[in-house]
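Structural description and commentary
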Amino acid sequence: MSGNIVTVFGALFIVAGAVLLAGPVYGFTSLAADRGVSMETASGENAYIGVVPSDSAIDGPNDESEVAAITNNLESDITALEVDIAFSSGGGDLEATVPETLGRNATGSVLVACSSRGGPRGPETTTVTVTVEEAIADGVTVTGITVESELTYECNPGGSGPPGGNPGGPGNGGSTVGGGEVRNGDVSSDGDVTSGWDSEITGDVDTGGDASMGDSSTVGGNIDADGTVTTGWDSEVSEDVRAGGDVSTGSSSRVGGDIDADGSVTTGWDAEVGGDITAGGDVTISDSSTVGGKITADGNVETGWNSEVGDDITAGGDVVIGGDSTIRGDINADGDVVVKWGAVVEGDIDAGGSTTISDGADVTGDVESN
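Criteria and thresholds
Residues numbered from 1 in each chain as written. Predicted model: local features only at pLDDT ≥ 70, side-chain atom pairs only at ≥ 80, totals over all residues. Heavy atoms only, no water. Helix = DSSP H or I, 4+ residues; strand = E, 2+ residues; numbered from the N terminus. Buried < 20%, exposed > 50% of the residue type's maximum accessible area, 1.4 Å probe, protein only. Contact = heavy atoms within 4.5 Å. Pairing = 2+ DSSP bridges. Axes fitted to C-alpha atoms, helices over the stretch in contact; angles between N-to-C directions. Core = buried A, V, L, I, M, F, W, Y, C linked by side-chain atoms within 4.5 Å. Patch = residues over 30% accessible without salt bridge, like charges linked within 9 Å, V, L, I, M, F, W, Y side chains within 5 Å. Areas by Shrake-Rupley, 256 points an atom, 1.4 Å probe, with all protein chains shown as cover. Salt bridge = Lys/Arg side-chain N within 4 Å of Asp/Glu carboxyl O. Lys, Arg positive; Asp, Glu negative; His and termini not counted. Charge placed at Lys NZ, Arg CZ, Asp CG, Glu CD. pLDDT = per-residue confidence, 0-100. Polar contact = N/O pair within 3.5 Å; in protein donor to acceptor, adjacent residues only side chain to side chain.

Another point: the overall build of the protein chain. Scanning the protein chain from N- to C-terminus turns up zero helices and 46 strands. For the protein chain, buried positions account for 44% of its 370 residues. In the protein chain, once contacts between residues fewer than 6 apart in sequence are set aside, the share between residues at least 24 apart is 25%.

In structure tokens:
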């Protein structure tokens, strides 16, 4: 048998810490095995436990990146894998996910993501130290593998521009309001307007392009965009939203006034629209959402479970009312109307197509359909 074969007897421990491994790929530094087990020593990617570091970047609070890959080259599954992660800086803003087991010949990723949307504005760099403290397989324990990688991360994006200035937006002459920034007055641009997480614009947003508002952001006035409008989770627009394209509001968001879109309108879960919705396309109201006024759409209208509409629904297509929802006006549709279980329609239904009312639903007014 070649010199690369090591036979381990009794409680013999083989320490390979003095072995120099080529490149940034590391194998084991200590291994214990049961009596009679023969193993071939190796280094690099062919080590018993191959750990390959990877320099990478996290581009925002919802992104994640692989900083190392761990490969099991043993002859059996790793049933317990203990991996320690350390950051040279920024550890309070970052969190790691590590594999706890690995099948034979399987590879698992060590992933790092932002733990919050805090930290300094702009990109930061940290050294990530990945240590395999212990990997236990059938009769074999591998310990003491350490690698390092460089990670560039930005958990508080959008704040690196000059305070109160116009950093140039998305590259089309637009305007960007950074995360955590308060912009007093109106924001007007021929290009796109983007605001970061937890930002505030005290006045109106008027843009010749798209408007994209970040999570937990606030607009104190109206949004008027020639393109699309997107608002983030837990965001608020105090007055009206008008768009030449589609409008999409985030979950738990609020629009105090009307939404008027040439395209389609979609609300997130538990969203609120204080006024009317008018759309040139479809209108989709997600579960547990509320519309204070009426809905008028050239296309279809669908409301989710436990939603509420405070006035009439008029659609050029079909209307579907979700279970346990309440419509406090009439429904007029050129297409079909479906009222699901537990829903309440306090007005009339007039459908150009068929009308389907599920058991447990309640329609107070008259029902007419073709």
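Okay, back to it.
Sheet architecture is open: eleven strands sit in the order β15-β18-β21-β24-β27-β30-β33-β36-β39-β42-β45, paired in parallel fashion. Taken across any chain shown, the strands that pair with only one partner, and hence form the sheet edges, are β15 (182-183) and β45 (362-363). Bridge count for strand β21 (residues 218-219) against strand β24 (residues 236-237) is two bridges, and the pairing is parallel. From the neighbouring strand, V219 faces β24, where its bridge partner is V237.

Bringing the sheet that holds strand β10 (residues 107-114) into the picture now. Reading across the sheet, the four strands line up as β5-β7-β10-β9 and stay open at both edges, with antiparallel pairing between neighbours. Only two strands of the sheet have a single partner each, and these edge strands are β5 (49-53) and β9 (94-97). Pairwise comparison of adjacent strand axes, ignoring direction, gives a mean angle of 20° for this sheet. Note: strand β7 (residues 64-72) against β10, seven bridges, orientation antiparallel. Across the sheet, the residue bridging to A69 is S109, located in β10.

Our next topic: the nonpolar core. Among the nonpolar cores identified, the biggest contains 43 residues, and I223, I277, V283, I295, I313, V319 and I331 are the most heavily contacted of them. I49, V51, I78 and V140 belong to the second-largest nonpolar core, a separate cluster that totals 29 residues.

Below, the discussion takes up a negative patch on the surface. On the surface, E239, D240, D258, D260 and D262 cluster together into a negatively charged patch. Within the element layout of this structure, D240 appears in the loop between β24 and β25 (241-243). On the accessibility criterion, D240 (34% relative accessible area) is partly exposed.

Another aspect to go through is the pattern of salt bridges. Two side chains bearing opposite charge may form a pair once their charged atoms approach each other closely. Throughout the structure, instances matching the rule amount to eight salt bridges. With a shortest N-O distance of 3.5 Å, R242 and D226 are connected by a salt bridge. One end of the pair, R242, is in strand β25; the other, D226, is in the loop between β22 (223-225) and β23 (229-231), and 16 residues separate them in sequence. For R242, a relative accessible area of 29% puts it in the partly exposed group. Here E272 makes a salt bridge to R254, at a shortest N to O gap of 4.0 Å. Taken together, the residues span a long stretch of sequence, with E272 in strand β30 (residues 272-273) and R254 in strand β27 (residues 254-255) at a distance of 18 residues. On the basis of relative accessible area, E272 is assigned to the partly exposed category, the value being 38%. The exposure class assigned to R254 is partly exposed, which follows from its relative accessible area of 32%. Three or more residues joined by partner-sharing salt bridges are found here, namely D224, D226 and R242.

Let's shift gears to the confidence of the model for the protein chain. When the pLDDT values of the protein chain are averaged, the result is 82; 81% of them are 70 or greater. For the stretch residues 1-29, pLDDT sits under 50, and the model shows 63 contacts to residues farther than four places along the chain or on other chains. Scored below 50 in pLDDT, residues 33-43 shows 31 contacts in the model against residues more than four places distant or in partner chains.

Moving on, we come to the environment of S307. Inspection of the secondary structure assignment puts S307 in the loop between β35 (301-303) and β36 (308-309). Here the alpha-carbon distance between S307 and D324, two residues 17 residues apart in the chain, equals 7.4 Å. Residues within four places of S307 in sequence aside, it is in contact with I285, S286, S288, S289, D324, S325 and T326. Among the polar contacts made by the side chain of S307, one reaches the main-chain carbonyl oxygen of G304 at a distance of 2.8 Å.

Within the chain, S216 stands out as a residue other than glycine whose phi angle is a positive 60°. Looking at where S216 falls in the secondary structure, it is placed in the loop between β20 (211-213) and β21. Of note in the backbone geometry, S252 takes a positive phi value of approximately 60° without being a glycine.

Looking now at the environment of D138. Its location among the elements puts D138 in the loop between β11 (124-137) and β12 (140-143). Residue class for D138 comes out exposed when judged on its relative accessible area of 64%. Here the alpha-carbon distance between D138 and E75, two residues 63 residues apart in the chain, equals 8.3 Å. Not counting residues up to four positions away in its chain, the partners in contact with D138 are S76 and D77.

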